[in-house]
Amino acid sequence: MFYFSEMMKIILLFTLFTTTILFGQNVSFTDINFKKAIIRSYPNVDADKDGEISYDEAKTLTVIRNLYNIPKITNTKGLEAFVNLRELDLKWHALTSIDISSNTNLEILNIRENQLSGILDLSALKKIYSLEVNFNQLTGITFSPENNLHILYANENNLSVIDLSTLKNLKRLFLVRNKITKLDISQNTILERLHIDDNEVKTLDFTNLNRLNWVSVNRNGLTGITFHNNPSLKT
């Protein structure tokens with residue numbers, strides 16, 4: 001009887017342990033709309049058709065986009081499991097924050113027209129190529145010291161300062177309707193297009209920006225612009 005009782009305890013513990021492990025393999029989502037949207041748009045990610053996304057299944061997805069004809073997504077908890085994402089498009093939702101520190105393979109990020117505020121932390125994204133954050137309430141963006149950013153759209157935010165010194169590959173910079181008072185683009189030597197209408201920038205220095213070919217700086221109250229070695233600029 002004692003032996004049987006001990007065996008039952010062992011079996012029960014093993015069953016509980018196994019169930020916990022299996023349960024833990026599924027990605028936990030705070031916003032059920034986010035999970036449903038991913039499964040609906042990418043049905044193959046739910047390979048076993050159990051209505052859940054396991055961590056192994058999440059690793060197979062490299063792109064998340066076209067999630068805008070659904071109920072508004074308010075929380076991206078669970079996104080950390082999609083470690084192989086190269087493109088993430090969550091425009092036109094109701095996000096107030098987003099953590100992409102685990103998505104280190106991201107190259108394209110579009111989170112325009114949400115409700116993001118504060119500082120957007122991209123310090124983990126060394127491969128980022130294109131960033132679009134138009135129409136939010138961001139006050140800052142932190143970039144990785146090593147990055148591959150070529151395109152930055154941050155129009156219609158609350159940016160008063162932005163450090164572009166690490167963006168050595170930047171080619172397109174759009175910062176329309178922010179609160180920027182000073183803009184240092186001396187390190188962005190391959191910059192081609194600059195659009196900063198409706199800010200508070202007083203002076204600009206285009207020295208040695210020899211690829212710069214298009215500029216719009218209307219309604220800033222500029223008092224001076226320095227031109228030197230800008231062969232691509234046309235009047």
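Values in this document were obtained by computation on a predicted structure and should not be read as measured data.

(A) Quick peek at the nonpolar core. If you look at the biggest cluster of nonpolar residues, it comprises 60 residues, and the most contacted ones within it are Leu 152 and Leu 183. Listed by contribution, the elements that provide at least two residues to this core are α2 (32-41), β1 (63-64), β4 (117-122) and β6 (137-143). Per-element accounting of this core gives the leading share, four residues, to α2.

(B) Main features of the sheet that holds strand β11 (residues 214-216). If you trace the eight strands from one edge of the open sheet to the other, you get β1-β2-β3-β5-β7-β8-β9-β11, paired in parallel fashion. In this open sheet, the two edge strands, each paired with only one partner strand, are β1 and β11. Both strand β7 (residues 151-153) and strand β8 (residues 172-174) contribute to a ladder of three bridges, which runs parallel. When the sheet's bridge partners are listed, Ile 151 is paired in β8 with Arg 172.

(C) Region of the structure containing the confidence of the model for the protein. Averaged over all residues, the pLDDT of the protein is 92; the fraction at 70 or higher stands at 89%. This stretch, residues 9-23, has a pLDDT under 50; its non-local contacts, to residues over four places away or in other chains, come to zero contacts.

(D) Representation of unusual backbone geometry. At Lys 49, a residue that is not glycine, the phi angle is positive and equals roughly 55°. Note that Lys 49 resides in the loop between α2 and α3 (55-58). Despite not being glycine, Phe 135 has its phi angle at roughly 60°, a positive value. One can find Phe 135 in the loop between β5 (130-132) and β6.

(E) Fine view of the pattern of salt bridges. What the rule picks out here adds up to 10 salt bridges. The closest approach of N and O atoms between Lys 77 and Glu 80, which form a salt bridge, is 3.1 Å. Residue classification places Lys 77 among the partly exposed positions, given a relative accessible area of 37%. Exposure remark for Glu 80: the relative accessible area of 27% places this residue in the partly exposed category. When the shortest N-O distance is used, the salt bridge between Asp 197 and Arg 219 registers 3.9 Å. Within this pair, whereas Asp 197 is found in the loop between β9 (193-195) and β10 (203-205), its partner Arg 219 is found in the loop between β11 and β12 (224-226), the two being separated by 22 residues in sequence. Asp 197 sits in the buried class, given a relative accessible area of 7%. Several salt bridges converge on common partners, so that one network encompasses Glu 156, Arg 177, Asp 197, Asp 198 and Arg 219.

Cut-offs used in this document
Residues numbered from 1 in each chain as written. Predicted model: local features only at pLDDT ≥ 70, side-chain atom pairs only at ≥ 80, totals over all residues. Heavy atoms only, no water. Core = buried A, V, L, I, M, F, W, Y, C linked by side-chain atoms within 4.5 Å. Buried < 20%, exposed > 50% of the residue type's maximum accessible area, 1.4 Å probe, protein only. Helix = DSSP H or I, 4+ residues; strand = E, 2+ residues; numbered from the N terminus. Pairing = 2+ DSSP bridges. pLDDT = per-residue confidence, 0-100. Contact = heavy atoms within 4.5 Å. Salt bridge = Lys/Arg side-chain N within 4 Å of Asp/Glu carboxyl O.

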